[in-house]
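The primary structure of each chain is shown beneath.
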Amino acid sequence: MDDTPPRDHDDEFVGYEADTDTLEEPVGPTFTVTNPPGTVTVSTFMDGRVREVELAAQAASMTETDLADEIVVIAKLATQDARAAQYEYVLDDMRSQGHDEVATRDFLARDLDLPSPEDASAARARVFAMRYAGDHD
C-alpha cells in the first residue's frame with residue numbers, strides 16, 4: 001500500500017498556457033453534426049480536423065464511456081461531411097475545367113477515398129437509424 005499523500009495537480013501546468021498570439025484558426029467552412037438527442041455536437045474544419053465539441057447539460061447523465069463513444073461517432077460523421085464537401089469542391093472544379101464527370105467521380109471515390117455528399121448523407125441516416133431507433137423525446 002502506498003502511503004504517499006495525493007498530489008495537488010492545480011499547479012502542474014503553470015507556465016504552460018497557450019500562446020494565443022501565435023495560434024491561427026483556419027479560415028473556411030465548418031461542418032457540424034448534432035446527435036438526435038441533442039446531447040453532443042461536433043464541428044470540423046474542411047480538412048476533417050475537429051474544431052469544437054459542444055455538450056448539452058443532459059450529457060452529464062451519460063457514463064464516461066457512453067459519452068466518449070458518442071463524441072467519436074458524431075465526430076466521424078462531421079468529418080465525413082467535411083470530406084464530402086471536398087468531393088463536391090473538387091468535382092465542381094474539375095467539371096468547370098472540362099473533365100469528364102463520371103471519370104472524376106470515380107477518381108474521387110476510388111483514388112482519394114472521398115465520400116460523395118449522397119454517401120455521407122446515407123451513412124448518417126444509417127448511423128442515426130441504428131443508434132437512435134428506439135429514442136423518443
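Scope of this entry: the structure provided in the associated data block. (Residues numbered from 1 in each chain as written. Predicted model: local features only at pLDDT ≥ 70, side-chain atom pairs only at ≥ 80, totals over all residues. Heavy atoms only, no water.)

Residues Phe 31 and Val 33 line the buried face of strand β1 (residues 30-34), whereas the alternating positions Thr 30, Thr 32 and Thr 34 sit on a face that is not buried. Looking at chain direction, β1 and strand β2 (residues 40-45) are connected through five bridges and run antiparallel. The residue bridging Thr 30 from the neighbouring strand is Phe 45, located in β2. Count of turn residues in the β1/β2 antiparallel hairpin: five residues, of which Gly 38 carries a positive phi of about 80°. (Buried < 20%, exposed > 50% of the residue type's maximum accessible area, 1.4 Å probe, protein only. Helix = DSSP H or I, 4+ residues; strand = E, 2+ residues; numbered from the N terminus. Pairing = 2+ DSSP bridges.)

Let's shift gears to the packing of aromatic side chains. Enumeration according to the criterion identifies one aromatic pair in this entry. Taking 5.5 Å as the distance between ring centres and 75° as the angle between the ring planes, the aromatic pair formed by Phe 128 and Tyr 132 counts as edge-to-face. Placement of both Phe 128 and Tyr 132 in helix α3 (residues 117-132) is noted, with a separation of four residues, approximately one turn of the helix. By the burial criterion, Phe 128 is buried, and Tyr 132 matches it. (Phe/Tyr/Trp six-rings, centres within 6.5 Å; stacked < 30°, edge-to-face > 60°.)

This part takes up the nonpolar core. Among the nonpolar cores identified, the biggest contains twelve residues, and these are Val 33, Val 40, Val 42, Ala 59, Leu 67, Val 73, Ile 74, Ala 75, Leu 77, Ala 78, Phe 128 and Tyr 132. Elements with a contribution of two residues or more to this core: β2, α1 (64-96) and α3. No other element matches the six residues that α1 contributes to this core. Sequence-distant contacts of Tyr 132, defined by excluding residues within four places in its chain, comprise Asn 35, Pro 36, Pro 37, Glu 70, Ile 74 and Val 127. (Core = buried A, V, L, I, M, F, W, Y, C linked by side-chain atoms within 4.5 Å. Contact = heavy atoms within 4.5 Å.)

In this section: α1. Over its 33 residues, α1 runs 48 Å from end to end, which matches the ideal 48 Å to within 8%, given 1.5 Å per residue. Looking at the residues trailing α1, positive phi occurs at Gly 98, about 90°. (Expected span 1.5 Å × (residues − 1).)

This part covers a nonpolar patch on the surface. On the surface, Val 50, Val 53 and Leu 55 cluster together into a nonpolar patch covering about 230 Å² of accessible area. Within the secondary structure, Val 53 sits in strand β3 (residues 50-55). (Patch = residues over 30% accessible without salt bridge, like charges linked within 9 Å, V, L, I, M, F, W, Y side chains within 5 Å. Areas by Shrake-Rupley, 256 points an atom, 1.4 Å probe, with all protein chains shown as cover. Salt bridge = Lys/Arg side-chain N within 4 Å of Asp/Glu carboxyl O.)

In the structure shown here, the tally under the stated rule is ten salt bridges. Between Asp 47 and Arg 49 there is a salt bridge; the shortest N-O distance is 2.7 Å. The partner of Glu 101 in a salt bridge is Arg 105, with the nearest N and O atoms 3.1 Å apart. With Glu 101 and Arg 105 both in helix α2 (residues 101-111) and four residues apart, this pair spans about one turn of that helix. Residues participating in the shared-partner salt-bridge network are Asp 92, Arg 95, Glu 101 and Arg 105.

Turning to the side chain of Asp 81, a few remarks are in order. On the secondary structure map, Asp 81 appears in helix α1. With relative accessibility at 17%, the residue Asp 81 sits in the buried group. Discounting residues that sit within four places of it in the chain, Asp 81 has contacts with Phe 31, Val 33, Ala 120 and Arg 124.

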